[in-house]
Amino acid sequence: MSNTAGLVIPCKAAVSWEAGKPLVIQQVEVAPPQAMEVRVKIKYTSLCHTDLYFWEAKGQTPIFPRIFGHEAAGIVESVGKGVSDLQVGDHVLPVFTGECGDCAHCRSEESNMCDLLRINTDRGVMLSDGKSRFSINGNPINHFLGTSTFSEYTVVHSGCLAKVDPLAPLDKICILSCGISTGLGATLNVAKPKKGSSVAIFGLGAVGLAAAEGARIAGASRIIGIDLNRNRFEEAKKFGVTEFVNPKEHDIPVQQVIAEMTNGGVDRSVECTGNINAMVSAFECVHDGWGVAVLVGVPNKDAVFMTKPINLLNERTLRGTFFGNYKPRTDLPSVVNMYMNKKLELDKFITHRLSFSEINKAFEYMVKGEGLRCIISMED
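Within an unreviewed UniProt entry, the label attached to the protein chain reads alcohol dehydrogenase, and the organism entered is Forsythia ovata. The heading Cofactor (unreviewed entry) in the UniProt record of the protein chain holds the text "Zn(2+)". Its UniProt record, at the heading Subcellular location (unreviewed entry), says of the protein chain: "Cytoplasm".

A. Structural context of the packing of aromatic side chains. Applying the stated criterion to the full structure yields 11 aromatic pairs. Each ring, one from Phe 96 and one from Phe 323, has its centre 5.3 Å from the other, and the planes form 80°; the classification is edge-to-face. On the criterion of sequence distance, the pair formed by Phe 96 in the loop between strand E5 (91–94) and helix H2 (104–107) and Phe 323 in the loop between strand E15 (317–320) and helix H10 (328–340) is long-range, its members being 227 residues apart. Each member of the pair, Phe 96 together with Phe 323, is buried. Residues Phe 233 and Phe 244 carry aromatic rings whose centres are separated by 4.9 Å and whose planes lie at 20° to one another, so their mutual orientation is stacked. Taken together, the residues span a long stretch of sequence, with Phe 233 in helix H6 (residues 232–236) and Phe 244 in strand E12 (residues 243–245) at a distance of 11 residues.

B. Geometry of the pattern of salt bridges. Within the structure shown, the criterion is met by 23 salt bridges. For Glu 77, the salt bridge is made with Arg 39, and the minimal N-O distance between the two is 2.6 Å. Of this pair, Glu 77 sits in strand E4 (residues 71–79) while Arg 39 is found in strand E3 (residues 37–46), placing the two residues 38 residues apart along the sequence. Exposure class is identical for Glu 77 and Arg 39. Each is buried. Here Arg 222 and Glu 243 are joined by a salt bridge, their closest N and O atoms 2.6 Å apart. With a gap of 21 residues between them, Arg 222 in strand E11 (residues 222–226) and Glu 243 in strand E12 connect regions that are remote in the sequence. Note on Arg 222: relative accessible area 25%, which makes it partly exposed. For Glu 243, a relative accessible area of 21% corresponds to the partly exposed category. Where salt bridges share partners, they join Glu 213, Arg 216, Glu 345 and Lys 348 into one cluster.

Parameters and conventions
Residues numbered from 1 in each chain as written. Predicted model: local features only at pLDDT ≥ 70, side-chain atom pairs only at ≥ 80, totals over all residues. Heavy atoms only, no water. UniProt positions renumbered as here; feature names shortened; annotations may be inferred. Phe/Tyr/Trp six-rings, centres within 6.5 Å; stacked < 30°, edge-to-face > 60°. Helix = DSSP H or I, 4+ residues; strand = E, 2+ residues; numbered from the N terminus. Buried < 20%, exposed > 50% of the residue type's maximum accessible area, 1.4 Å probe, protein only. Salt bridge = Lys/Arg side-chain N within 4 Å of Asp/Glu carboxyl O.

Pasting the structure below:
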């Protein structure tokens with residue numbers, strides 16, 4: 001048992017009080033974990049576009065005050081009643097979605113969309129009792145995605161924690177708990193390109209570059225990056241991208257450009273922008289007979305796209321994916337091992353490092369589109 005088990009822990013957290021306004025670093029009280037919950041000391045956290053989106057309160061019901069953050073790595077401080085697979089001192093990655101192990105999705109080899117712990121952006125409390133574990137002067141502060149990693153300590157459902165190799169550097173593997181695994185898994189687990197095949201990646205942000213990294217690991221011979229920002233092309237070469245297409249530089253649809261470049265279409269494509277036009281292009285640019293397109297980017301929930309049924313009848317496959325089809329507890333440890341075995345390269349995704357006191361700078365970088373991943377050290 002840790003010497004703080006069962007006690008309320010006062011610590012620093014970056015609290016968002018209002019949409020789009022700088023986070024305020026202040027003392028919060030973190031209650032002990034209840035049944036099936038774990039309290040984690042966060043060592044490193046990163047900023048993902050999902051944090052930015054909900055901080056700006058675009059297109060959803062705003063919930064404030066709130067502690068954001070969901071890409072992180074930490075160490076178990078204490079566990080609640082019923083937790084048997086984690087113990088004090090374990091190194092863990094908190095994940096915005098979970099794996100209860102009991103529902104139909106968790107029992108299926110084909111799904112990672114747990115009925116109990118699936119992502120819920122509107123919930124600001126814990127599942128067990130509908131209450132928050134964060135408070136300031138007795139007033140509750142809302143959780144975010146069940147993780148809230150912009151706090152020195154947080155409480156997470158045990159099903160949303162992946163236990164990882166204690167030798168793995170937490171300041172690197174923290175980026176695996178969301179975007180990088182999403183892109184990587186979309187390629188390796190869903191698109192499944194064969195060695196020597198051709199892959200088109202739509203959108204060269206962090207998720208798209210992770211999809212490209214997956215294609216590189218799979219041995220694709222041609223990895224075509226598609227993006228409207230030419231400045232991204234040079235950096236993308238580090239992730240295995242061999243050719244580049246900027247749709248703005250062509251008078252014909254980009255799917256036609258790619259079909260002409262590849263004698264009929266690419267073997268696989270991965271769409272990482274959430275843009276409807278890009279989704280159509282990603283599907284229509286794959287080769288008939290065997291081409292597979294995978295949608296990763298999240299569009300507006302009411303968005304609709306159109307394509308001709310003949311594109312499907314000509315044996316093209318369209319698939320979607322959630323978190324790269326990784327089951328958090330079962331599969332993330334093996335992704336960490338891919339990094340430890342030097343198969344997966346993570347360092348090139350990390351472009352900035354900041355102390356916790358500078359967390360608002362990380363938001364500034366992301367708003368300006370500067371860099372890929374910014375690592376925030378909770379102890380600096």
